[in-house]
Amino acid sequence: MKETLMLTFFAALLSGCGGGTDKECVKTVGVDEFANIATQSGVRTLDVRTPQEYAEGHIAGAENIDVKDTGFAERISGINGTVAVYCRGGKRSLTAARLLAANGCTVYNLNGGIMAWKKARRPTTTVETDVFETRNGKLVKLHALKHSSIRIEYDGREILVDPCAKLPNCTVDYASLPKADIILVTHEHFDHFDSATVSLLATTKTRLLMNRRCVDLYGSGTALANGDKIRLADDISVEAVPAYNTSADRLQFHPQGRDNGYVLTLDGLRIYIAGDTEEIPEMANLGHIDIAFLPCNLPFTMTTAQLVAVAGKLKPTVLFPYHYSETDLTGVAEQLPGIDVRVRHYE
């Protein structure tokens, strides 16, 4: 399979996208048009520079797939629809664009790359983005804000998990984010529940789903207890699941029955947001999980050994260690073969 993809890649480069011209296969556009396309629902934006370049600053919402990586052709093989692609100056992205076009995508290449974007005084960000596709082809964009704070874009809707500006060294400009359609809060600790940030993001139409203590503190919202389920739309449901400590010297941090984790289902894609928890027996009842967010920082949540044990039992397709503060995650991925472990800036 990999050999076939690479042959397709080089054939696309040599033929100019299946025998046509670049103009027929790839539309090279200026900054303004690129910005308009990249913000449209269903469009995937790819930054094909190196991870180091991406980390230094990229266009908001762009996912990073390095065109010079040997696995590039395989990683983009499942991408379809409309794609906006860019690099530093426009050359590497044209290479990537030709392969995407050969795969049947409608591709827009940023003329002049991110250098032109910055020259036009367009903003960049360091927030990392991962993109997934649901069973019906809808895109789910996961933005790593910080610690336990996650921004989720899905089918034109905004979902925020534990939005918190009170975190040390937090650089997230919550005022610049779109208003939230759904906000999930796991529990009342300062690094999860920030009433000012919730108020900033919420409107009268926002669905606030929190544990009982947070609803009492905030003065409004829907209180979910462990085991409660709620359907917010035909393709969106939320289940509150247990999150608590089990070690004798940690029980005071997260007592059983008070806090929530959540299983968020978006068009069949099941995302487990564990909250502050250790390994607990209720995890065996979660069923299939596509994407798991598991905490890992002592003394409040799991050790790295617990994280590996839980992930090994859950077997999610993708694992995001989060809420890890200064925990050294070296070696975690190597202990979980078959699971796509992605370490993002969830310190």
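In the block above lies the structure referred to throughout.
Counting from 1, residues in each chain are numbered in the order their sequence is written. Reporting in this predicted model follows two pLDDT cut-offs: at least 70 for local features of residues, and 80 or more for side-chain atom pairs to be given and counted; totals over whole chains, interfaces and linings ignore these cut-offs and use all residues. Values shown for side chains rest on all heavy atoms present in the structure; no hydrogens or waters enter the calculation.

(A) Region of the structure containing the pattern of salt bridges. We count a salt bridge whenever a side-chain nitrogen from Lys or Arg sits within 4 Å of a carboxyl oxygen from Asp or Glu. A full pass over the atoms with the stated rule returns 19 salt bridges. Arg 122 is paired through a salt bridge with Asp 32; the nearest N and O atoms lie 2.9 Å apart. Highlighted residues: Arg 122 in the loop between α7 (113-119) and β6 (128-133) and Asp 32 in helix α3 (residues 31-38), separated in sequence by 90 residues. The partner of Asp 130 in a salt bridge is Arg 342, with the nearest N and O atoms 2.8 Å apart. Of this pair, Asp 130 sits in strand β6 while Arg 342 sits in the segment after β19 (340-341), and the two are 212 residues apart along the sequence. Here Asp 130 falls in the buried class, since its relative accessible area comes to 4%. We call a residue buried when its accessible area falls under 20% of the maximum for its residue type, exposed when it is over 50%, and partly exposed in between, using a 1.4 Å probe and counting protein chains only. Under the relative-accessibility criterion, Arg 342 is labelled buried at 17%. What emerges from the salt-bridge pattern is a single network uniting Asp 130, Asp 340, Arg 342 and Arg 344. By definition, any uninterrupted DSSP run of H or I lasting at least four residues is a helix, any uninterrupted run of E lasting at least two residues is a strand, and each is numbered from the N terminus.

(B) Molecular detail of the side chain of Arg 44. Inspection of the secondary structure puts Arg 44 in strand β2 (residues 44-47). If sequence neighbours within four positions are ignored, Arg 44 has contacts with Glu 63, Ile 79, Thr 82, Val 83, Ala 84, Val 131, Glu 133 and Leu 139. Any two residues having at least one pair of non-hydrogen atoms within 4.5 Å are treated as being in contact.

(C) Structural detail: the packing of aromatic side chains. Any Phe, Tyr or Trp ring, taking Trp's six-membered ring, that has another such ring centre within 6.5 Å forms a pair; planes under 30 degrees apart are called stacked, those over 60 apart edge-to-face, and the others tilted. Following the criterion strictly, the structure yields eight aromatic pairs and no others. When the centroid spacing of 6.2 Å and the interplanar angle of 90° are considered together, the rings of Phe 34 and Tyr 86 count as edge-to-face. On the criterion of sequence distance, the pair formed by Phe 34 in helix α3 and Tyr 86 in strand β4 (residues 82-86) is long-range, its members being 52 residues apart. Cation placement over rings: the criterion is NZ of Lys or CZ of Arg within 6 Å of the ring centroid and within 35° of the ring normal. Lying over the aromatic face of Trp 117, Arg 122 brings its terminal NZ or CZ to 5.7 Å of the ring centre.

(D) Region of the structure containing the sheet that holds strand β16 (residues 269-273). One open sheet holds the seven strands; their spatial order is β13-β14-β15-β16-β17-β18-β19, and the pairing between them is mixed. The open sheet is flanked by β13 (229-233) and β19, the only strands paired with a single partner. When β16 meets strand β17 (residues 291-295), the two strands line up parallel, connected through three bridges. Across the sheet, Tyr 272 pairs through a bridge with Ala 292, a residue of β17. Lying on the sheet, helix α10 (residues 304-314) is in contact with β16, β17 and β18 (318-322); it crosses β17 at an angle near 160°. Criterion used throughout: strands pair if DSSP finds at least two bridges between them. Every axis corresponds to a line fitted to the C-alpha atoms, with the helix fit spanning only the stretch in contact, and the corresponding angles, defined between N-to-C directions, vary from 0 to 180 degrees.

(E) The arrangement of the nonpolar core in detail. Among the buried residues, those of types Ala, Val, Leu, Ile, Met, Phe, Trp, Tyr and Cys that are joined through side-chain atoms within 4.5 Å form a nonpolar core. Residues Tyr 272, Phe 293 and Leu 294 are the most contacted members of the largest nonpolar core, which totals 54 residues. Core analysis: the second largest hydrophobic core is formed by 20 residues, Ile 76, Ile 79, Val 83 and Cys 87 among them.

(F) Local environment of the layout of surface pockets. Grid points spaced at 1 Å and placed over the protein atoms alone form the basis of the search, with a cavity being a set where a 1.4 Å probe fits but cannot get out and a pocket an open set showing protein on both sides within 12 Å along at least five of seven lines. Lining residues have an atom within 4 Å of a point. Grid points are joined across faces, edges and corners, and a volume is the space filled by probe spheres set on the points. If you add up the space inside the largest pocket, you get close to 1100 Å³. Ala 60, Gly 61, His 143, Arg 151 and Glu 153 are the residues nearest the centre of the largest pocket, which is lined by 43 residues in total. Of all the secondary-structure elements, those providing two or more residues to the lining of the largest pocket are α3, β6, β7 (139-146), β8 (149-154) and β9 (157-161). Looking at the lining of the largest pocket, the element that brings in the most residues is β7, giving six residues. Its volume calculated, the second largest pocket comes out at about 680 Å³. As for the second largest pocket, its lining consists of 25 residues, of which Glu 63, Arg 75, Asp 130, Arg 342 and Arg 344 are closest to the centre. Elements represented by at least two residues in the lining of the second largest pocket include exactly α4 (51-56), β3 (63-64) and β6.

What is shown is where atoms sit, not what they do.
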